[in-house]
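# Observations on the three-dimensional arrangement
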Amino acid sequence: MPTTLEAVRPIELADIQQARKRIAQTILRTPLVRLELGPDFPDIRLKLENLQPINAYKLRGAANAVAMLSESERKRGVWTISAGNAGQGVAYAARQAGIPCSVVVIETAPASKIERMRALGAKLILVPHEVAWKALEDRSFPDVDGTFVHPFDDHNFIAGHGTMGLEILEDAPDTVAVIASIGGGGLIAGVGSAIKALRPEIKIWGAEPETAAPAALSFAKGSPQEFKDWKASFVDGAGGRSVFPRMWERMKPIVDGYIVVSLDETKKAMRLMAEKARIISEGAGALPLAAALTGKAGQGPIVCVVSGGNLDLKIFCELIAT
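An account of the accompanying structure is given in this report. Starting afresh in each chain, residues are numbered from 1 along the sequence in its written order. Selection of residues for local features in this predicted model requires a pLDDT of at least 70, selection of side-chain atom pairs for listing and counting requires 80 or more, and totals for whole chains, interfaces and linings are taken over all residues. Hydrogens are left out, water is left out, and the side-chain values use all remaining heavy atoms of the structure.

## A short note on the layout of surface pockets
Heads up, the condition is: Each cavity reported here is a set of points on a 1 Å grid over the protein atoms alone in which a 1.4 Å probe fits but cannot get out, each pocket an open set with protein on both sides within 12 Å along at least five of seven lines, and each lining residue one with an atom within 4 Å of a point. Grid points are joined across faces, edges and corners, and a volume is the space filled by probe spheres set on the points. A run of DSSP states H or I qualifies as a helix once it reaches four residues; a run of E qualifies as a strand once it reaches two. Both are numbered from the N-terminal end. Put simply, Ala, Val, Leu, Ile, Met, Phe, Trp, Tyr, Cys and Pro go in the nonpolar bin, Asp, Glu, Lys and Arg in the charged bin, and everything else, Gly too, in the polar bin.
Of the voids in this model, the largest pocket is the one considered here, and its volume is about 470 Å³. Every residue lining the largest pocket is counted, 19 residues in all, and those nearest its centre are Leu5, Arg139, Phe148, Asp153 and Asp154. Those elements giving two or more residues to the lining of the largest pocket turn out to be β6 (147-148), α7 (155-171) and α10 (245-251). Across the lining of the largest pocket, the residue classes break down as 7 nonpolar, 5 polar and 7 charged. Each pocket or cavity is described by its volume, and for the second largest pocket that value is around 280 Å³. In terms of lining, the second largest pocket is formed by 22 residues, of which the most central are Thr108, Ala232, Ser233, Val235 and Asp236.

As structure tokens, then:
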């Protein structure tokens, strides 16, 4: 990792408020809707980030990060590393800015995400998951030109995600808990920073799949950990191989706890949203609802961040049918 990397610093409320103005013409202020499940279930509201122009929340952070680049950095073009959603976000923002974009893509990413990145004009380099994860740690990849935009460990990227927290508090001021899925940790660091700055009593919960839960392990151990039993699954947008020390530093003061859910619970949450609210969610977007349904985050009101809906429809139908 480069020694010139700036030290981790808190995401201030002012950073998030400024990001909100900066990205207002790019992102959608997404709706927050109640999921009607009946009296035997927690009071759950869904923050529908699957309705963003790229069908995922990553556009918030990408739009802010690209807008904050200097003129010389823009001239070089941009590149990022992604399982699909961050790549779409950076490609979308780069296209708006009129600059070239390359994405190092995890080769198991859904075809729909790969096709959308190409449609946005990004040059794609497909690699195995372990190669991409190492490139994230090194912040470099052979023969890729441009300014690197980290898909989660980037102050401006995280501040962009924080704008979602402002919307949640405005639309659901009675919220007692917020649950967000964790991949690299940028989503929960941003949303949590906004909410804790304004309403520190609200609990922030992270959700991970049982096949890839390094944040929950790190919380239990008290330090950033590698998840040695990592397995690939349909939950490709969350669940990393490890928690980066810098991201642990960001999450530790903000996240109150972590909930690990099974793949079956995640499928059931995907099906429930489709049946009750006609919402198409990818695996990572369904993790928070699956976590809320365990009861571990209380009876609510709980806001579950539906982080994305980029999933091949054939696979979606197969998953919710099982």
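## What about unusual backbone geometry?
Stated formally: Only protein chains enter the calculation, and the probe is 1.4 Å; a residue is then buried if its accessible area is under 20% of its type maximum, exposed if over 50%, and partly exposed in between.
In this structure, the amide linkage connecting Gly300 to the following residue, Pro301, adopts the cis form with an omega of 5°. On the secondary structure map, Pro301 appears in the loop between α12 (283-293) and β10 (302-306). The phi dihedral of Arg139 falls on the positive side, at around 60°, and the residue is not glycine. Looking at the element boundaries, Arg139 is found in the loop between α6 (129-138) and β6. Unusually for a residue other than glycine, Asp143 sits at a positive phi of about 65°. Checked against the element boundaries, Asp143 lands in the loop between α6 and β6. Given the relative accessible area of 76%, Asp143 is considered exposed.

These figures capture arrangement, not role.
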